[in-house]
Structures are given as C-alpha cells and as structure tokens.
Amino acid sequence: MSDSLTQGAPSIAVLVPCYNEEASIEAVVRDFKAALPTATIYVYDNNSKDRTSEIARAAGAVVRREPLQGKGNVVRRMFADIEADVYVMVDGDDTYHAPSAPQLVAKLLDEKLDMVNGARVTDWETYRAGHRLGNVMLTTLVTMVFGKRTDDLLSGYRVFSRRFVKTFPVLAGGFEIETELVVHALEMSMPLGEVETPYKDRAPGSVSKLSTFRDGFRILWMIGKLIKEERPMQSFGLIAVLMALVSVIIAVPLFITYYETGLVPRFPTAVLATGLGLLSFLSLTCGLILDTVTRGRREMKRLRYLEIPAPDFDSGFLK
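A quick note: this is a predicted structure, and the numbers were derived from the prediction, not measured.

### Structural notes on the overall build of the chain
Consideration 1: Along the backbone of the chain there are 10 helices and 7 strands.
Consideration 2: Looking at the 319 residues of the chain, the share that counts as buried comes to 47%.
Consideration 3: Taking all contacts inside the chain whose residues are at least 6 apart in sequence as the whole, residues at least 24 apart take part in 78%.
Consideration 4: For the chain, the computed accessible surface area is about 15900 Å², with 62% contributed by carbon and sulfur atoms.

Structure, rendered in structure tokens:
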C-alpha cells in the first residue's frame, strides 16, 4: 500500500471511543459529519449496556466493537484497524466542539504537524474542580520532566497524522492513554500544535466515566512508569543519590566512633550503611545500562517514524 491513501484531498477518519453514550452519540456523529463532510465517522463501542451502537449506526457512523474494557484498549484497536491520512479522535460525550475540527485539521496539514491538541476552554462551573485541578497538576508534572508543549494534557480531542498513529505503540489500557500520547510525541520530538476549543457540559442523561481519584492515581502511576522507562538515568540516578546520602549519614557517626576508640560497637548499622552504599552503586549501574537500552529503542522508533512521509496535503478542501 502506498504511504498516502488518496491523491489530492486526504482521507479523514473521526474516531469515537464510546461506553454507554446513547444520550449524546447521535449529536456527536451528526455534528462531526457536518463539520467534516468528507470524513468517515467510526464509533467503537466498548461493551456498552445501552443503545449506543444502534443510535450511532442510525446516525450514519461505522460501528465496531472492542471487548477489552478501557479507553486505551479501544484506542489501540482503532489505531490498528483504521487506515486514513488524518485521524480525528474525540470522546463520545458531546462535550467537545465539532465546528473546531476543520481548524485543527487545517493546522495539522498546513504546518505539517503530527499531532494537534484541542485545549479545552471552559468555565469552572462546566468542568469539575477536581478534574481541573488534577489536569493542572498532572500537566505541570509532565512539563517539568518532558518539556512544555501543551497546556491540556488530558484533552480527549486530538488530530493525528498517519505517521503518528502507525508508529505509536499503545500500552495504556484506560484513561491514562492521553498522557501516553503526549509523552510519546515529546520523546520523539514530533512537531506538535495546539488549538483552543470550547468545552461544554454533558448532555442530560450522560454520565462521566472518569473517576477523579481512581483514574487520577492511574494517570499519576502511568507518568511514573513513563519517567522510569523514558528517563531511566534520572530515575535510577535519583535513587542512587538518595541511598548514598542515607548511607553517608549513617556511616559518619560510626567513623567518628572508630576514630576515637578504634572500635565499631554498632556492627548492624555498619552493615546497613555498607549495604546502602552497594545498592546505590547498583542503582547507578542499572540507570546507565537502561539509559543505553532506552536510547536504542528511541532510535528504532524514530527510524520507523521516518519511514512514513509527513502529511503533504493542502487544507483548501476544508473551505
């Protein structure tokens, strides 16, 4: 198959992961069909107990199912199954602004980007305070470690190039997928963009599946894993420094006592200090080895990424 699926205008796929969204899915499909008339709308039903699939199909979407529960599992399946030049991913809760889709797609094409993030603009009343605070904290944490390229880490509204989608190894199973998407782009130094988009409250009868504390901790755990995997030298180096510091603090009184008396009366403490010192060097060694492995993995991912050309289309067809 050729690197570009179409000649002239790009093929656009709108990807909508869904779980029990019968109250809003019809509006989502209708609005995105109006905003992107040439796009194909794909709704992936993730074991819904309501009429999500039936309503989406009646609205004109292509409906498919993913039995593995969790948004990350759905995204993995969508990215593997769907072939397109441009991918628009949006939640099925009708909280995102469909008329902004052409602007996001145009930015991706005109600036030859790999991901455009739809940064949510909302009032405090519309967006739950716990979710907003968590978003700010998690975005700040990722920014401190991986660099600042986005103001909304957890947005569910994004546009991707084909080469992003086909070189992204989805590992997350749940809502932490948004964090993984951003960190992958940052680590690969991909060209990114961001467009502010309105964000509104859910439709009556639609219930949020995101738990402030449970999913917040899962996202935090994912960030920790990504730091360990993508920044092993810093991670294991920090552990090495902490253990070495504790070892020195414990050992100093022992050396003073030995210097004054020639004895080591607290032998277990001496063993502890020695053990911590050895573990410190072991942690540093692990960091050096894993840093080399991570560099090799990143080079291989980069080579695979470079095999797929950048999006080379004109956004004039959107007008």
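The structure having been displayed, the exposition proceeds.
### Thoughts on the UniProt feature "transmembrane region" (unreviewed entry) in the chain
Consideration 1: This chain's UniProt record puts "transmembrane region" (unreviewed entry) on residues 236-259 and 271-294.
Consideration 2: Annotated as residues 236-259, this span is 100% helix and 0% strand, and its ends, taken at the C-alpha atoms, are 33 Å apart.
Consideration 3: With 100% helix and 0% strand, residues 271-294 has end C-alpha atoms that lie 34 Å from one another.

### Focus on the environment of Val14
Consideration 1: Positionally, Val14 belongs in strand S1 (residues 12-18).
Consideration 2: Sequence spacing of Val14 and Val88 is 74 residues, and the spatial spacing of their C-alpha atoms is 4.6 Å.
Consideration 3: Contacts of Val14, omitting those with residues within four sequence positions, involve Phe32, Leu36, Ala39, Thr40, Ile41, Tyr42, Val88 and Val90.

### So, the environment of Arg231
Consideration 1: Its location among the elements puts Arg231 in the loop between helix H8 (214-230) and helix H9 (232-261).
Consideration 2: Classification of Arg231 as buried rests on a relative accessible area of 18%.
Consideration 3: Sequence spacing of Arg231 and Leu290 is 59 residues, and the spatial spacing of their C-alpha atoms is 8.9 Å.
Consideration 4: Those residues in contact with Arg231 that lie beyond four places of it in its chain are Val145, Phe146, Glu187, Leu226 and Arg298.

### Some points on the packing of aromatic side chains
Consideration 1: Applying the stated criterion across every chain yields a total of 7 aromatic pairs.
Consideration 2: An aromatic cluster of three or more residues is present, and its members are Phe32, Tyr96, Tyr157 and Tyr199.
Consideration 3: Arg120 extends its terminal NZ or CZ atom over the ring of Tyr199, reaching a point 5.5 Å from the ring centre.

### Examining the side chain of Arg163
Consideration 1: Mapped onto the fold, Arg163 is located in helix H6 (residues 162-165).
Consideration 2: In this structure the side chain of Arg163 is engaged in a polar contact, spanning 2.6 Å, whose partner is the side chain of Asp114.
Consideration 3: Arg163 has contacts with Asp114, Pro191, Tyr305, Ile308, Pro309, Ala310 and Pro311, leaving out every residue within four places of it along the chain.

### Re helix H7 (residues 177-187)
Residues spaced three or four apart along an α-helix point in a common direction, a consequence of the helix completing one turn every 3.6 residues.
Consideration 1: Taking burial as the measure, the 11 residues of H7 include 11 buried ones, the bulk of the element.
Consideration 2: All of the buried residues along H7 are Ile177, Glu178, Thr179, Glu180, Leu181, Val182, Val183, His184, Ala185, Leu186 and Glu187.
Consideration 3: Positive phi shows up at Ser189, right after H7, with a value of about 55 degrees.

### Considerations on the nonpolar core
Consideration 1: Among the nonpolar cores identified, the biggest contains 39 residues, and Leu15, Phe79, Tyr87, Phe160, Phe164 and Leu181 are the most heavily contacted of them.
Consideration 2: Broken down by secondary-structure element, the contributors of at least two residues to this core are S1, strand S2 (40-45), helix H3 (71-81), strand S4 (86-89), helix H5 (129-146), H6, H7 and H8.
Consideration 3: Considering every element that reaches this core, the biggest residue donor is H7, with 6 residues.
Consideration 4: Residues contacting Tyr87, with those up to four places away along its chain left out, are Ala13, Leu15, Ile82, Arg158, Val159, Phe160, Ser161, Arg162, Val165 and Lys166.

Here is what the cut-offs are and how they apply
- Residues numbered from 1 in each chain as written.
- Predicted model: local features only at pLDDT ≥ 70, side-chain atom pairs only at ≥ 80, totals over all residues.
- Heavy atoms only, no water.
- Helix = DSSP H or I, 4+ residues; strand = E, 2+ residues; numbered from the N terminus.
- Buried < 20%, exposed > 50% of the residue type's maximum accessible area, 1.4 Å probe, protein only.
- Contact = heavy atoms within 4.5 Å.
- Areas by Shrake-Rupley, 256 points an atom, 1.4 Å probe, with all protein chains shown as cover.
- UniProt positions renumbered as here; feature names shortened; annotations may be inferred.
- Phe/Tyr/Trp six-rings, centres within 6.5 Å; stacked < 30°, edge-to-face > 60°.
- Lys NZ or Arg CZ within 6 Å of the ring centre and 35° of its normal.
- Polar contact = N/O pair within 3.5 Å; in protein donor to acceptor, adjacent residues only side chain to side chain.
- Core = buried A, V, L, I, M, F, W, Y, C linked by side-chain atoms within 4.5 Å.

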